[in-house]
Every structure is written in C-alpha cells, then in structure tokens.
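One letter stands for each residue in the lines below.
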Amino acid sequence: MSQPFRTPYPGYDVLDKWDSPSFDDQTREVLRARRDPPPRRFLDPNQFALLEALCAVVIPQRRPEPVPIAPFIDAALHAGRGTGTRFATMPPERDAWLRGLEAIDAEARAAFDGRGFCELVRPKQARLLRSIDRGDCRAPEAWQEMPPQKFFRALLLKQIVQIYYSAPAAMSEIGYGGPASPRGYVRLKVGQIDPWEAPFGTWEDQA
Amino acid sequence: MTQDAPRNDRPRAVNGHAPDVFKREGQVPMREYPKNAPVDFVIVGAGCGGSVLAAKLAEAGMSVVLFDAGPFFQPRRDFASDEREQEKLYWLDPRISDGDDPIELGANNSGRAVGGSSVHFQMVSLRFRPEWFKARSKLGYGRDWPVDWREMWRYYDEVEEALKISGPIRYPWGPDRGRYPYREHEVNEAGLVLARGAEALGVDWAPTPLCTVSAPSGKSPPCAYRGMCKIGCSINAKQSMLITYVPRAIKAGAEVRDLAMVGRIETGADGRATGVSYYRDGKWRFQKAENVVAAGYSIETPRLLLNSSTAQHPQGLGNADGLVGRNLMVHANDAVWGEFDEEIRWYKGPPSMATCEHWNYADDDPSKNFDGGYSFMSQGPLPGDFAGTLTSSTGMFGDDLLEAMGRYNRMAGLKMVGESMPQVDNRVTLADETDELGLPRAKVTHSFCDNDRRLQGHGRKFMSRMMRAAGGKNLFETQSTAHLMGGCPMGDDPETSVTDDMGRVWNVDNLWICDGSLMPTGGGVNPAMTILANAARIADRIIDARFD
Ligand SMILES: Cc1cc2nc3c(=O)[nH]c(=O)nc-3n(C[C@H](O)[C@H](O)[C@H](O)COP(=O)(O)OP(=O)(O)OC[C@H]3O[C@@H](n4cnc5c(N)ncnc54)[C@H](O)[C@@H]3O)c2cc1C
Ligand code: SF4
C-alpha cells in the first residue's frame, strides 16, 4: 500500500499572492465565486453521497477544509455542460454518470456481501475501483454495455482530478506557481526561481 | 462565475461596434451590412483560415461578413488564470467519436471563439517540409497537394511576418528560410532537457519558432512566460487571430458576427450558393451572399456541407462523389515523461520551447520503418491537464496519484507530432441525433493504419532514448492525438478531391473552403502555419481572379 502523501512544499500557499501582480481581477473573481460550492441539483442524495465517497478515495484530503469536488460535477451535469467528446461506446454524459454510479454500487454489493460502496472502508473501496479499472467486474449487467474502464478513466477520474488540480490548495501542495497574470516569470533555468514562486521542495528520495 | 448569465452569452459585435481586444473595456467601430443585399463574401468560421481570408479580401475592397459560433472575447478582461474557467474557449457540444482509435475532441483540438483554435493553440510555428507538398510523387505515400512548395514558402514568409514569429536565426532543417521576424525566446529548462538529450544522441534541436512576441509589437507586450497559452493569453503577447487578422479585417471594413452559428448554406434552383442561414440572439436569420466560404475546421466544415443538402444536392454540397468528410487526419501525440533530480518547473514559459524535426528529414536512416515523419517538442502541461494525462493513461488514483503529482516540478516530457496517413474511412458523417438547434451532430470515425502505428512506436522509442540521455528517470509513455487535418482535401482531380487548388468546391462555383480541412496530407509538424499560409494564398488567388 502506498504511504500517505506529504507535500514537498510545506508552508507554500499560492493564495499568499492574492494581492500581488500574479493575480488579475478576473482570476480573483473566478476563485471568489468558487468559494461557495453550488447546491446539489442533479444527483439525488444517495447518488451524491456515493460521488462524494468516490472523490474521497480518488483524492484523499487530510486538510481541515477539503477542496469541494462533487458539487462541481453535479453542477456541470445539471447545466448539461459536456466535454465535447462522446465515445460511441458511451451513453450521453448524464446517463453515463447515473449508470456508472449505480454500477459501482452494484459492484460493491456483489463483492462485499451486499454492502454498498459508502459502507466500505477506504482500502476496500480502493481495491474495488482497481478491479473495475481492470475490467474485472462482478455485476456486469449493471454497466449495461458501458465499458467500465472508459467510464472510470475518461469521466470519473478525469473530471475529479481536473477540478481538484485547479484549486489553489492543490496547486500549493505540488509547488505550482498558480495564477500568473499579468506577472509571469523571469527566471526560467534550473536552480533559479523567482521570489514569488515556491521555494525549492524536499522529497524523501532526496533526504 | 456569478449567478447571472455568463458574460459571454450575448453577441458583442453589434450596433456598429466590436470589442476592442487590446483593452479591458471599450470598442472599435465596425461596419455592418444589410442581410437582404448580397455581400461579396460570407465566411463561416473566424479561425486561422477564415480570419486571414476575411482580412485580405476586405483589404482588397470586398464586402465581407465573418461568422463565428463562439464569443468575441476581450482577453484582458475575460481570460482568467484558471483551467476550468477557460473551458469556455472550446467546442464542448458533443460529437460522437467512433472507430478503432476514437479521437478525443473538445479541448483537445477544437476551439469555438472569434479567433478559432488559435486563441488556445500552443503557438508552435513550423513549416511543412517542401517534399510533403508532393508526398505521393516524391516520397511515395499519401497524396499530392495541388500547389508548388515555392509558392507556399512565399506565403509562409507573409504570415510569419504578419504574426511576428519569434524564432532562431538559423533553423537546422529544410531549405534556408531567412531569419524570423523576431528573435528567439530564451529556452526554459523543460526545453533544455530536449536540447541536452539531442546533443547526447547527436541530432539537431532548435528553439521553437513561436507565435508569441519576444519584444513589444504594436499593442502587444512581450511574452511574460506565464505558461498558460493553452487556456488563452490574458496579456495579448500571443499573436492569435483574435488580436491580429480579425482586427485587421474589421479595420478594413469587414463585419464580424459572433455567437452566430451557421446551420445551412442555402443554394438556389441553379445549385449555386445564395447565402447562409444562421442562429443568433435567439432567432434563425438569413444573410445573402455572392460567395460563401466554409472555414469551420475539419469537423464543422464537412458537417455544414452535409447539413446543407437539397433536392439538387441530395448528399450535401460538394458531395456528389461522397468525398466530403473523408480523409480526416490527426497527429499522433504520443509522449514520454521522465523525472529529474532537479526542479525543472515546466510551468514557466510557453509549453514547447524546444523542438526536434530530425525524423521529418532523415529519409535514409536504416531504422526508419515508416512513411511520413514526426517532430517532437518539450512539454509544460498545466496541473489539471497533466493529472488528466496521468489518470487516463495509468488509471492511478489515491495517494499514488497525489505522490506522482507531487513530482510535477521535477517532470519533463517530450511529445510527438506524428504524421498519419490519409484514409478514406477516417471520416466525418452525420449522426442520427440533433443538437439544441435541431442540426444533426457530427460523428467522427477514426482508426490508425499499420504505418501510423510503426511511426508512433518509432517515436516513443526514440523519445525514450533521448529522455534517458538527458537524465530522465522512471519514464512512462502515453498515447493521444492532436490537431485535425483534411476532411475536404483540395486537389487537381474532381474525382479524388472536394475542391480545386484555390479551395473552390468542384461544381458549385461560388462555394469555397478555406481552413484545415483542405489539407491533403498532415505532415509531421503542427498545422497552423500551413493553414494560414494556404489561406493567404487562396485570398490572393481570389483577388487576382476577380480583378483580372
Ligand atoms: C490545444 C491546441 C493546441 C494547438 N497547438 C498548436 C500549435 O502549437 N501549433 C500549430 O500549428 N497548431 C496548433 N493547434 C492547431 C491549430 O490551432 C488549428 O490547426 C487551427 O486553428 C485550425 O484552423 P482552422 O481555421 O481550420 O479552424 P479553427 O481555428 O478551429 O477555426 C474554426 C472556427 O469556426 C467556427 N465555426 C465552426 N463551425 C461553425 C458554424 N457552423 N458557424 C459558425 N462558426 C463556426 C468555430 O467556432 C471556430 O472558431 C492547436 C490546437 C489546439 C486545440
Ligand atoms: S507564456 Fe507568453 S504567450 Fe503564453 S500565455 Fe503566457 S504571456 Fe501569453
């Protein structure tokens, strides 16, 4: 099993630059509007709880105020906003999510004596997702022909990580520079960092 | 954004004014044309092809209306440093993607805004290798272009000058091209990884010629190396169509209609085009025209021609031989990623500051087991983009993913732009379902052939060697596609092409195409400069024909 992740950049926070030339008005406006996550409008409470559980397995967050992810997926589904691609093997995005959530719960029940995904402990949830990704399914009828790996990687994982890694907290933990307009960067070479970037990080393999 | 309707919901080029793209607020005057009197040219799509054509025809005194389905942005006010917000630049309406190797659309290859995909393109500005314009007769694969490379070379000069391409004094491959209008950019560390690897393997590399200025130009400041080119340049250093040819077109008297989706090209009893039906501000409308140009790129242009069928053109316009939508091509975008001991910080600077075109020119290398060529560039994906690459290629999640992303600053990558062969079965057709406006959606069918796969395998192997030679560790490979080319190839023979050498659709003499869909082959370089040069050439041909 993998170790809990520790950031190489403790103490760095892109939001410290909020009032600096790295942030322009439109970026501040976008981030401000995202502080209050939109209300749940598309999924029902059980589906939403399942989605939240999935987000927590995909992105384990150990911070006091976790970055909200599920509300933004729900909002995009409510708005009918897609990605521009519908693979011919996949149903339309809304149906794909509804079917995929139901199928993951069905997989949990088939694999763990009738217990739903939300009732499982984290390591079992993760194990279940890995077998779904391998296409190793125990409730194949629940997927109704939708390829499990395609749903898992192209929709579920992709949307979760894209929401998470556009959040300032996630940018900070990987030492990314964050918003950079109008001020960009000056020092582009190895061993050089601008004063408004994260200081050099530390990794266990280099301790 | 807020609870109100987003700001990009209503047309902005109205009442005799267009947004001033160089300001946060403010407008510039714009001429408007009546709908019921025919304009000389209606152009559908304000991307690379459409904008160049509009500017040059308007400057030659013709009346032009340039339509785009997308909004008219003011970068300094509308473009945030935020990957999710900037999804508004893409064509997100679903298309159906089928075939053995279905391609990802949307953000991957399709813009939807005044300026088209150039608003979020990555600015790599390369020329075709001369022989590729006669790939069939000189190199034995693909198709010939109905154009001589020397003519194209002159038009590359023209558009590179107009866009102030910043590039090296001496470019290592191909015939001499003089110096680029602006000096090259300082190469970032991610690019120097490629440089080190190339030197270790004994092949050439070059600072990438880029479509962002290295010194002030007009109202553009120099590139600030903020690295967000793929989500739109908020400071206007990037020379996209939105801030170059579109303002030029407006200044010369063209009208731009933003948020105006053209649903049909209308034709009369004689089979000739009479104008376009378009949806804007809640209503279907009709604009009369002497000539109509489709410039919606390789999916929307075929879709529009197919959606414009009549009793006289039962299979759609220009499609009597069933060629519209066929020979659609992509570039293989396979990549190799590696980890370094030091922090590379690839987010600084445009994403692809160094390039290697070795395999576009190495015909005699004994290891070359494929037709066509490929180039590759250094990489600098934004975090959300890179996380998506990791999860879609490996399925990783949880702490493994957090840990892998925790090495973001120590990563570097090499990614290829690999030629794929034109194949008749790779194509755009109409799906059974319709979009919100009632227009049949596009269905895209795509499969690679054996040659394509050999080329990709060769590229991954070579890039891995180079990555290792540069000091990269824990390498992993990913596969994807980029760019669209073809779909309505031009040619000399009506039986095998959709248009003649100036983009005129065979048998409908006032209907034209001017965008990436004309490309008979894709080459092993990013396509924008070739699309721009070809559009500049077509514009001159139209102007010459008219005033002769
Ligand atoms: C992320 C990304 C990075 C890229 N990077 C590079 C690069 O580094 N170098 C390079 O050379 N190329 C790059 N490209 C490719 C390049 O941007 C395109 O090849 C080029 O823009 C295509 O030009 P075009 O005129 O054919 O179409 P586009 O520029 O896409 O313009 C088509 C326009 O037509 C409009 N339209 C379509 N249908 C209709 C309709 N029915 N009614 C009204 N409007 C319509 C669309 O809204 C769009 O604005 C990149 C592309 C992407 C997506
Ligand atoms: S790196 Fe340069 S071109 Fe790219 S977004 Fe930043 S300023 Fe614009």
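Look up a bit, the structure's there.
Overview of the structure. Predicted model only: the values in this text are computed from it and were never measured. Think of each chain on its own: its residues are numbered from 1, step by step along the sequence as written. Naming scheme: in the order in which they are written, chains are lettered from A and ligands are numbered from 1. Selection of residues for local features in this predicted model requires a pLDDT of at least 70, selection of side-chain atom pairs for listing and counting requires 80 or more, and totals for whole chains, interfaces and linings are taken over all residues. Excluding hydrogens and water, the side-chain values take into account all heavy atoms of the structure.

Residues and elements named next belong to chain B. Space inside and on the surface of the protein is sampled on a 1 Å grid over the protein atoms alone, with a cavity defined as a set of points where a 1.4 Å probe fits but cannot get out and a pocket as an open set with protein on both sides within 12 Å along at least 5 of 7 lines; lining residues have an atom within 4 Å of a point. Grid points are joined across faces, edges and corners, and a volume is the space filled by probe spheres set on the points. For the structure shown, the criterion picks out four cavities of 30 Å³ or more. In this structure, the largest cavity spans a volume of roughly 80 Å³. Forming the walls of the largest cavity are 15 residues, and the residues nearest its centre are C223, R226, G227, C229 and C233. Under the scheme applied here, ten amino acids are nonpolar (Ala, Val, Leu, Ile, Met, Phe, Trp, Tyr, Cys and Pro), four are charged (Asp, Glu, Lys and Arg), and all others, including Gly, are polar. Its residues placed into classes, the lining of the largest cavity shows 10 nonpolar, three polar and two charged.

Once that is clear, we can look at the site of ligand 2. All residues adjacent to ligand 2 are M123, T212, C223, A224, Y225, R226, G227, M228, C229, C233, I235 and P350 of chain B. The way we define it, a molecule is inside a pocket or cavity when more than half of its atoms are within 2 Å of that pocket's grid points. Judged by its atoms lying within 2 Å of the grid points, ligand 2 is housed in the largest cavity. In these notes, residues near a molecule or strand are those with any non-hydrogen atom within 4 Å of it.

All names here are of chain A. The rule for a disulfide is simple: a pair of cysteine sulfur atoms within 2.5 Å. As enumerated under the stated definition, the model contains zero disulfides over all chains in all. The thiol sulfur of C118 is not disulfide-bonded, and the nearest other cysteine sulfur, from C55, lies at 11 Å. Here C137 stays free of any disulfide, with the sulfur of C118 as its closest cysteine sulfur at 18 Å. Buried, partly exposed and exposed residues are distinguished by accessible area as a fraction of the type maximum, computed with a 1.4 Å probe on protein chains only: under 20%, between the cut-offs, and over 50%, respectively. Since its relative accessible area comes to 22%, C137 is described here as partly exposed.

Next up on the list: the pairing of strand 19 (residues 440-445) of chain B. Residue and element names in this part refer to chain B. Here, a strand pair is defined by DSSP locating no fewer than two bridges between the strands. The helix and strand labels rest on DSSP assignments: H or I over at least four residues marks a helix, E over at least two residues marks a strand, and numbering proceeds from the N terminus. Pairing geometry for strand 5 (residues 95-98) and strand 19, over three bridges, is parallel. By the bridge assignment for strand 19, S97 is matched with V444. For strand 18 (residues 427-434) and strand 19, the ladder comprises five bridges, and the chain directions are antiparallel. By the bridge assignment for strand 19, R427 is matched with T445. Here strand 18 hands over to strand 19 after five residues, with G438 in that stretch at a positive phi of 85°.

The next point concerns the interface of chain B and chain A. Counting residues at the interface gives 72 residues for chain B and 69 residues for chain A. Of the roughly 5800 Å² buried between chain B and chain A, counting both surfaces, carbon and sulfur atoms make up 53%. Considering only the side of chain B, the residues that lose the most area to chain A are R84, F397 and L402 of chain B, jointly responsible for 14% of the buried surface there. The rule for a salt bridge is simple: a side-chain nitrogen of Lys or Arg has to be within 4 Å of a carboxyl oxygen of Asp or Glu. At the junction of chain B with chain A, the criterion picks out eight salt bridges. Residue R81 of chain A is joined to E87 of chain B by a salt bridge in which the shortest nitrogen-to-oxygen separation is 3.1 Å. Polar contacts here mean pairs of N or O atoms no more than 3.5 Å apart (in protein, one a potential hydrogen donor and the other a potential acceptor; neighbouring residues in sequence count only if both atoms are side-chain atoms). Where chain B packs against chain A, one counts 39 residue pairs in polar contact (both at pLDDT 80 or more). At the level of secondary structure, the elements contributing two or more residues to the side of chain B that touches chain A comprise helix 2 (75-78), strand 5, helix 5 (189-201), helix 9 (383-394) and helix 10 (398-405) of chain B. In terms of residue count, helix 9 of chain B provides more of the side of chain B that touches chain A than any other element does, eight residues in total. Residues of the side of chain B that touches chain A, tallied by class, amount to 28 nonpolar, 15 polar and 29 charged. Where strand 1 (residues 85-87) of chain A and strand 5 of chain B come together, three bridges link them in parallel fashion. Contacts are assigned to residue pairs that have any heavy atoms within 4.5 Å of one another. Values labelled buried area give the accessible surface lost by two parts on being combined, using a 1.4 Å probe and summing over both.

The geometry of a pair of packed helices is captured by two quantities: the angle between their axes and the separation between those axes. All names here are of chain A. A fitted line through C-alpha atoms serves as each axis, taken over the contacting stretch for helices, and the angle formed by two N-to-C directions is quoted from 0 to 180°. As a packed pair, helix 5 (residues 122-134) and helix 6 (residues 148-164) sit with axes 7 Å apart at the nearest point and diverge in direction by 115°. The angle between the axes of helix 5 and helix 6 places the two elements in the roughly perpendicular class. Contacts from L129, I132 and D133 of helix 5 reach helix 6 at P148, Q149, F152 and R153. Residue classes in the contact of helix 5 with helix 6 are distributed as four nonpolar, one polar and two charged. Angles below 35 degrees are treated as roughly parallel, those above 145 as roughly antiparallel, those between 65 and 115 as roughly perpendicular, and all remaining angles as oblique.

It is worth spelling out the environment of F370 of chain B at this point. Residue and element names in this part refer to chain B. Positionally, F370 belongs in the loop between helix 8 (358-361) and strand 16 (374-378). A relative accessible area of 5% means that F370 is categorised as buried. Each C-alpha atom, one on F370 and one on A470, is 26 Å from the other, the two residues being 100 residues apart in sequence. Apart from the residues within four sequence positions on either side, F370 is in contact with N451, R454, L455 and H458.

Side-chain rings of Phe, Tyr and Trp (the six-membered ring for Trp) are treated as a pair once their centres are within 6.5 Å; stacked means planes under 30 degrees apart, edge-to-face means over 60, and tilted covers the remaining angles. Evaluated as defined, the whole model comprises 30 aromatic pairs over all chains. Residues Y185 of chain A and Y347 of chain B carry aromatic rings whose centres are separated by 5.3 Å and whose planes lie at 65° to one another, so their mutual orientation is edge-to-face. In this pair, Y185 of chain A is assigned in the segment after helix 7 (168-174) and Y347 of chain B in the loop between strand 14 (335-339) and strand 15 (354-356), connecting two distinct chains. The two residues Y185 of chain A and Y347 of chain B agree in class, both being buried. The structure contains a cluster of three or more aromatic residues connected by ring pairs, namely Y176 and Y185 of chain A together with W337, W346, Y347, F386 and Y408 of chain B. Counted as over-ring charges are cases with an Arg CZ or a Lys NZ within 6 Å of the ring centre that also lie within 35 degrees of the ring normal. When the ring centre of W196 of chain A is taken as reference, the NZ or CZ atom of R183 of chain A above it lies at 4.2 Å. Lying across the ring of W153 of chain B, R127 of chain B places its NZ or CZ 4.8 Å from the centre.

Counted according to the given criterion, the structure contains 54 salt bridges over all chains. R86 of chain A serves as the salt-bridge partner of E433 of chain B, at 2.9 Å between the closest nitrogen and oxygen. Of the two residues, E433 of chain B sits in strand 18 while R86 of chain A sits in strand 1, which places them in two different chains. Judged by its relative accessible area of 30%, E433 of chain B is partly exposed. Classification of R86 of chain A as buried rests on a relative accessible area of 11%. Put simply, R460 of chain B and E477 of chain B hold a salt bridge, and the shortest N to O gap is 3.4 Å. Taken together, the residues span a long stretch of sequence, with R460 of chain B in helix 11 (residues 450-469) and E477 of chain B in strand 20 (residues 473-478) at a distance of 17 residues. Judged by relative accessible area, E477 of chain B falls into the partly exposed class, the value being 41%. Through salt bridges with shared partners, one network takes in R86 of chain A together with D93, E433 and R441 of chain B.

Note that all results are geometric; they support no functional claim without further evidence.
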